[in-house]
Amino acid sequence: MKNGSVLVIGSLNMDLVAQVGSMPRRGETILGHSFAAMMGGKGSNQAVAAARLGSQVALIGCLGSDEFGESMQAVLRQERIETGGISQVENVPSGAALVCVDPDGDNSIVVVPGANSHLTARDIDRHADLFQACDVVVLQMEIPVETVVYSMAEAKRLGKTVILNLAPSRRMPVEALRHVDYLVVNEVEAEELTGVSINQFDRLVEGLAGLPCRHVILTLGAEGVAYLADGRVLRLPAYRVQAVDTTGAGDSFVGAFASRLARGDEAEEAVAYAVKVAAITVTRLGAQAALPTEEEIRQFEQVWGVEQP
Ligand code: RIB
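Residues numbered from 1 in each chain as written. Predicted model: local features only at pLDDT ≥ 70, side-chain atom pairs only at ≥ 80, totals over all residues. Heavy atoms only, no water.

Visitor: Report on the overall build of the protein, specifying residues and quantitative values.
Guide: On a plain count of helices and strands, the protein comes out with 10 helices and 14 strands. Taken against the 2.2 N^0.38 rule, which gives 19 Å for 309 residues, the C-alpha radius of gyration of the protein at 18 Å falls within 12% of a compact globule. For the protein, the C-alpha atoms occupy an extent of roughly 50 × 45 × 40 Å along the three principal directions. Across the 309 residues that make up the protein, the buried fraction comes to 54%. A separation threshold of at least 6 residues defines the contact pool for the protein, and within that pool the share at least 24 residues apart is 68%. Only carbon and sulfur atoms are counted for the fraction: they give 50% of the accessible area of the protein, which is about 13500 Å². (Helix = DSSP H or I, 4+ residues; strand = E, 2+ residues; numbered from the N terminus. Rg over C-alpha atoms; globule rule 2.2 N^0.38 Å. Buried < 20%, exposed > 50% of the residue type's maximum accessible area, 1.4 Å probe, protein only. Contact = heavy atoms within 4.5 Å. Areas by Shrake-Rupley, 256 points an atom, 1.4 Å probe, with all protein chains shown as cover.)

Dropping the structure here:
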């Protein structure tokens, strides 16, 4: 099996994570019971997820001229990620995310994009070599929308497989989705995109199937995943694990899916693999810190079996 080469274009954040007894209400100050600064950002998380699963990964993004920027770059290199596509923006802070995690593992996140909002089409053009070298291009929505749209068109022009994770949900021209091979959305993103509630599941699926992208993957948390392709809806259940922190679960799914596609898996196999990776991720605290290696997935398969639950 080839290793597969993945190019991620996206955000890098420092996550400031507090574990809390319950989410603070408006105007309320609460006491948390743990704090940690951990690497995150949807782009960076997805890049690390794919790299830990054996893919060759390059990341295009922007960091600020601060301590966070320096340390994040060093950690990515340790993860064997090609960091030549990461620029440092002068006099701007690196992206940061304030994350609260409750006892059920649910989170609430505020992202302050900082340097991430400085990633432009010019940066994309400067790294044409990284586009040429990859099999799969992965994008999310914590960088400027114009840069996402430009990158997708460029990737498609070069015949690459394009995965767009529409997270966080932001408006983008629907016709830009024609450049997308696999659109990955969660229920909130799907509702915002189609204007249909998750409670009307069949109508929601119809709305998603009518989008100009080739395939849609709808992630449903503890309810698993729905994969829409060629007029079919394939449902894959989630593993019943004890969630500690769901932060980064979606990123682990996208990174794993990209990694397996780049290595030559069929999409359905890649989705099934990504469901396992997300299951392991939610059992540990943090986004990047929780991402599993191939060896950990083998151990998981020994406990749960290779097939879906
Ligand atoms: O998806 C989880 C990520 O969202 C966190 O790491 C945080 O940085 C935000 O980008």
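Here the narrative resumes.
Visitor: Tell me about the pattern of salt bridges, and name the residues and values.
Guide: In the structure shown here, the tally under the stated rule is 12 salt bridges. In this structure, the salt-bridge partner of glutamate 28 is arginine 25, at a minimum N-O distance of 3.4 Å. A salt bridge links aspartate 123 to arginine 126; its shortest N-O distance comes to 2.7 Å. Of this pair, aspartate 123 and arginine 126 both sit in helix α3 (residues 121-126), 3 residues apart, which is roughly one turn of the helix. (Salt bridge = Lys/Arg side-chain N within 4 Å of Asp/Glu carboxyl O.)

Visitor: With reference to specific residues and values, describe the packing of helix α8 (residues 249-262) against helix α9 (residues 267-281).
Guide: Packing of α8 against α9 brings their axes to within 8 Å, and their N-to-C directions diverge by 145 degrees. As α8 runs across α9, the sense of the crossing is right-handed. Residue-level contacts link Ala249, Ser252, Phe253, Ala256, Phe257, Arg260 and Leu261 of α8 to Ala267, Ala270, Val271, Tyr273, Ala274, Val275, Val277, Ala278 and Thr281 of α9. Class assignment for the residues of the contact of α8 with α9 results in 13 nonpolar, 2 polar and 1 charged. (Axes fitted to C-alpha atoms, helices over the stretch in contact; angles between N-to-C directions. Left-handed = near helix turned anticlockwise from the far one by under 90°. Nonpolar A, V, L, I, M, F, W, Y, C, P; charged D, E, K, R; others polar.)

Visitor: Kindly report on the site of the ligand, identifying the contributing residues and their values.
Guide: Taken together, 13 residues sit near the ligand, with Asp15, Gly41, Lys42, Glu142 and Asp251 positioned nearest. Between the ligand and asparagine 13 there is a distance of 3.0 Å, counted from an oxygen atom to a side-chain nitrogen or oxygen. At 2.7 Å from an oxygen atom of the ligand is found a side-chain nitrogen or oxygen belonging to aspartate 251. In the complex, 96% of the free accessible area of the ligand, which totals 280 Å², lies under the protein chains. For the shell around the ligand, the secondary-structure elements that each account for two or more residues are β2 (13-19) and α1 (42-52). Broken down by class, the residue content of the shell around the ligand amounts to 3 nonpolar, 6 polar and 4 charged. (Near = heavy atom within 4 Å. Polar contact = N/O pair within 3.5 Å; in protein donor to acceptor, adjacent residues only side chain to side chain.)

Visitor: Tell me about the side chain of asparagine 13, residues and numbers included.
Guide: Within the secondary structure, asparagine 13 sits in strand β2. Its relative accessible area of 2% is what places asparagine 13 among the buried residues. Aside from chain neighbours lying at most four places away, what touches asparagine 13 is Met38, Met39, Gly40, Gly41, Met72, Gly95, Ala96, Ala97, Val111, Asn116 and Glu142.

Visitor: So what's going on with the packing of aromatic side chains? Which residues, and what values?
Guide: Inspection of every chain in the model, using the stated rule, returns 5 aromatic pairs. Plain terms: the ring middles of tyrosine 239 and tryptophan 304 are 5.4 Å apart, the flat faces sit at 85 degrees to each other, and that makes the pair edge-to-face. Of this pair, tyrosine 239 sits in the loop between β14 (232-236) and α8 while tryptophan 304 is found in helix α10 (residues 294-304), placing the two residues 65 residues apart along the sequence. For tyrosine 239, a relative accessible area of 5% puts it in the buried group. (Phe/Tyr/Trp six-rings, centres within 6.5 Å; stacked < 30°, edge-to-face > 60°.)

Visitor: Account for the side chain of serine 11, naming residues and giving values.
Guide: Tracing the sequence through the fold places serine 11 in the loop between β1 (5-9) and β2. By relative accessible area, which is 0% here, serine 11 ends up buried. Separated by 2.5 Å, the side chains of serine 11 and glutamate 142 make a polar contact. Not counting the four nearest positions on each side in its chain, serine 11 is found in contact with Gly41, Lys42, Gly43, Ser44, Asn116, Gln140, Glu142 and Ile143.

Visitor: Run through the pairing of strand β10 (residues 161-165), naming residues and quoting values.
Guide: Counting buried residues in β10 gives 4 out of 5 residues, a clear majority hidden from the surface. In this region the chain leaves strand β9 (residues 136-139), passes through helix α5 (residues 145-157) and returns to the parallel neighbour β10; the handedness of that crossover is right-handed. (Right-handed = clockwise from strand over helix to strand, strands pointing away.)

Visitor: Account for the nonpolar core, with residues named and values stated.
Guide: Judged by nonpolar contacts, the single largest core of 50 residues is most densely connected at Ile163, Ile217, Phe253, Phe257 and Val271. Broken down by element, the residue count for this core peaks at 11 residues, all from α9. In this structure valine 271 touches Ile217, Val225, Tyr227, Leu236, Phe253 and Phe257, once residues within four positions along its chain are discounted. If you look at the next biggest cluster of nonpolar residues, it comprises 42 residues, including Ile60, Ile143, Val145 and Leu228. (Core = buried A, V, L, I, M, F, W, Y, C linked by side-chain atoms within 4.5 Å.)

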